[in-house]
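Topology and contacts: notes
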Amino acid sequence: MKIVTVGDNCMDVYLANDQAYPGGNPVNAAVYLKGLGADAAYIGWVGTDSYGELMKKKIQGKGVDISHLSTKEGKTAVTQVELKGNDRCFGDYDEGVMASFCLTKKEVEFVGTHKLVHAGIWGHAEDKYPLFKEIGLLTSFDFSDQLGHDLVKNLSPFVDYSFFSYTKDDDYIRQLLKEVVNRGSKIAVATLGENGSLAYDGEQFYQNGTVETEVVDTMGAGDSFIAGFLYGILKGLSIDDCMELGSETAAKTIGYFGAW
């Protein structure tokens, strides 16, 4: 089961204690997928600073293939994080070298050796999605909480599994998931924080709650849900079971500081 994730990475710097943890949706998804048993690779750029070296070391230490993780002159991306209670709130974001990220022809060929490719809305990989579909890959994309972004309309036809972050199960999110599937996605999923998750496959909606656990830090909860869901899809599980696996994976993540 070969999965490759593409795009943004960043060091999440917690302002309260000045601790830094590797993160970014594609990075997190690759690490969680590897932990679940998938053969995972990550493609992205880091800078020539200490954070770049730390990022590479930490990702590789989790067993993820970083043969196509490149070092570019400049800064590694950094996100300032503040904890309000146990909930993480993002502050300033310095994109660093990832601002100019693009996939090379060789990297696209490497992507093509996998079963599924995943990226997110901040990852600068969306322009390659029509090509990914053309070469027969399964595709996944995290639109995060950018529900009104132009990519939601323009990219949906090339994304098999579309993910969104929202707050509750209401008419608005149900209509959005319907529209995304009608445009071409196989399944559209919204993670709803403490309200669980919601999915739509063109025929019906599926609902799932959360797994009760002690919350230390919500960083990475959505990314780990995505990883669990995708792992379930590739294992041939039902949508209900994929959502449950996503919830179980997220429950583990929120029990410690940082994404992983």
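Now for a look at the structure at hand. Since the model is a prediction, treat every value here as computed from it, not as a measurement. (Residues numbered from 1 in each chain as written. Predicted model: local features only at pLDDT ≥ 70, side-chain atom pairs only at ≥ 80, totals over all residues. Heavy atoms only, no water.)

1. Considering the overall build of the protein
The helix and strand tally for the protein stands at eight helices and 13 strands. Buried residues in the protein amount to 51% of all 260 residues. Taking all contacts inside the protein whose residues are at least 6 apart in sequence as the whole, residues at least 24 apart take part in 61%. Element-wise, carbon and sulfur atoms account for 46% of the exposed surface of the protein, whose accessible area totals about 11,500 Å². (Helix = DSSP H or I, 4+ residues; strand = E, 2+ residues; numbered from the N terminus. Buried < 20%, exposed > 50% of the residue type's maximum accessible area, 1.4 Å probe, protein only. Contact = heavy atoms within 4.5 Å. Areas by Shrake-Rupley, 256 points an atom, 1.4 Å probe, with all protein chains shown as cover.)

2. A look at helix H7 (residues 221-234)
Note on helix geometry: an α-helix contains 3.6 residues per turn, so any two residues three or four positions apart are oriented the same way. In a regular helix each residue adds 1.5 Å, so 14 residues correspond to 20 Å; H7 covers 20 Å between its end C-alpha atoms and thus fits that length. Burial analysis of H7 places 11 of its 14 residues in the buried class, the great majority of the element. Every buried residue of H7 is listed here: Asp223, Ser224, Phe225, Ile226, Ala227, Gly228, Phe229, Leu230, Tyr231, Gly232 and Ile233. One or two residues past the end of H7 sits Gly236, with phi positive at roughly 80°. (Expected span 1.5 Å × (residues − 1).)

3. Here we look at the sheet that holds strand E4 (residues 39-46)
To summarise the sheet geometry, strands pair through backbone hydrogen bonds and adopt either a parallel or an antiparallel arrangement. Here nine strands make up an open sheet; going across it, the order is E5-E4-E1-E8-E9-E10-E11-E12-E13 and the pairing mixed. At either margin of the open sheet sits one strand with a lone partner, and together these are strand E5 (69-71) and strand E13 (205-208). Averaged over all pairs of adjacent strands, the angle between their axes in this sheet comes to 15°, without regard to strand direction. In this fold helix H2 (residues 50-61) packs onto E4 and E5, with an angle of close to 175° to the strand it touches most, E4. (Pairing = 2+ DSSP bridges. Axes fitted to C-alpha atoms, helices over the stretch in contact; angles between N-to-C directions.)

4. Things to note about unusual backbone geometry
Trans peptide bonds make up the majority, and among non-glycine residues the majority have a negative phi. At His124, a residue that is not glycine, the phi angle is positive and equals roughly 60°. Turning to its location among the elements, His124 is positioned in the loop between strand E8 (116-120) and helix H4 (129-134). Taking relative accessible area as the criterion, His124 reaches 26% and is therefore assigned partly exposed. A positive phi is found at Ser144, a non-glycine position, where the angle reads about 55°. Structurally, Ser144 can be placed in the loop between strand E9 (138-142) and helix H5 (150-155).

5. Comments concerning the packing of helix H1 (residues 25-36) against H7
Running from amino to carboxyl end, H1 crosses H7 at an angle of 50°, the nearest separation of the two axes being 8 Å. What the angle tells us is that H1 and H7 run oblique. Considering the relative orientation of H1 and H7, their crossing is right-handed. Of H7, the residues touching H1 (which contributes Asn25, Asn28, Ala29, Tyr32, Leu33 and Leu36) are Asp223, Ser224, Ile226, Ala227, Gly228 and Tyr231. Looking at side-chain class alone, the contact of H1 with H7 contains seven nonpolar, four polar and one charged residues. (Parallel < 35°, antiparallel > 145°, perpendicular 65-115°, else oblique. Left-handed = near helix turned anticlockwise from the far one by under 90°. Nonpolar A, V, L, I, M, F, W, Y, C, P; charged D, E, K, R; others polar.)

6. Some thoughts on the environment of Val4
By the secondary structure assignment, Val4 is in strand E1 (residues 2-6). Taking the C-alpha atoms as reference points, Val4 and Ala41, 37 residues apart in sequence, are found 4.6 Å from one another. Setting aside anything within four residues of it in sequence, one finds Val4 in contact with Ala41, Ile43, Phe110, Val111, His114, Leu116, Val117 and His118.

7. Regarding the pairing of strand E12 (residues 197-200)
Burial of E12 is two-sided: the residues Ser197 and Ala199 facing one way and the residues Leu198 and Tyr200 facing the other way are all buried. Of the strand pairs in this sheet, strand E11 (residues 187-191) and E12 are connected by four bridges, and their pairing is antiparallel. Across the sheet, Val189 pairs through a bridge with Ala199, a residue of E12. Connecting the antiparallel pair E11 and E12 is a turn made up of five residues, with Gly193 showing a positive phi of about 60°. Hairpin remark: E12 followed by E13, antiparallel, with four residues in the connecting loop; positive phi at Gly202, about 95°.

8. Here's the deal with a negative patch on the surface
Where like charges cluster on the molecular surface, the negative patch consists of Asp240, Asp241, Glu244 and Glu248. Along the polypeptide, Glu244 turns up in helix H8 (residues 239-253). Judged by relative accessible area, which is 31%, Glu244 ranks as partly exposed. (Patch = residues over 30% accessible without salt bridge, like charges linked within 9 Å, V, L, I, M, F, W, Y side chains within 5 Å. Salt bridge = Lys/Arg side-chain N within 4 Å of Asp/Glu carboxyl O. Lys, Arg positive; Asp, Glu negative; His and termini not counted. Charge placed at Lys NZ, Arg CZ, Asp CG, Glu CD.)

9. A word on the packing of aromatic side chains
On inspection of all chains with the given rule, the structure shows nine aromatic pairs. Ring plane angle 40° and centroid distance 5.7 Å describe the contact between Tyr166 and Tyr172, whose orientation is recorded as tilted. Each residue in the set Tyr129, Phe132, Phe141, Phe143 and Phe164 is aromatic and connected to the rest through ring pairs, giving one cluster. Between the NZ or CZ atom of Arg174 and the centre of the ring of Phe205, over which it lies, the distance is 4.4 Å. (Phe/Tyr/Trp six-rings, centres within 6.5 Å; stacked < 30°, edge-to-face > 60°. Lys NZ or Arg CZ within 6 Å of the ring centre and 35° of its normal.)

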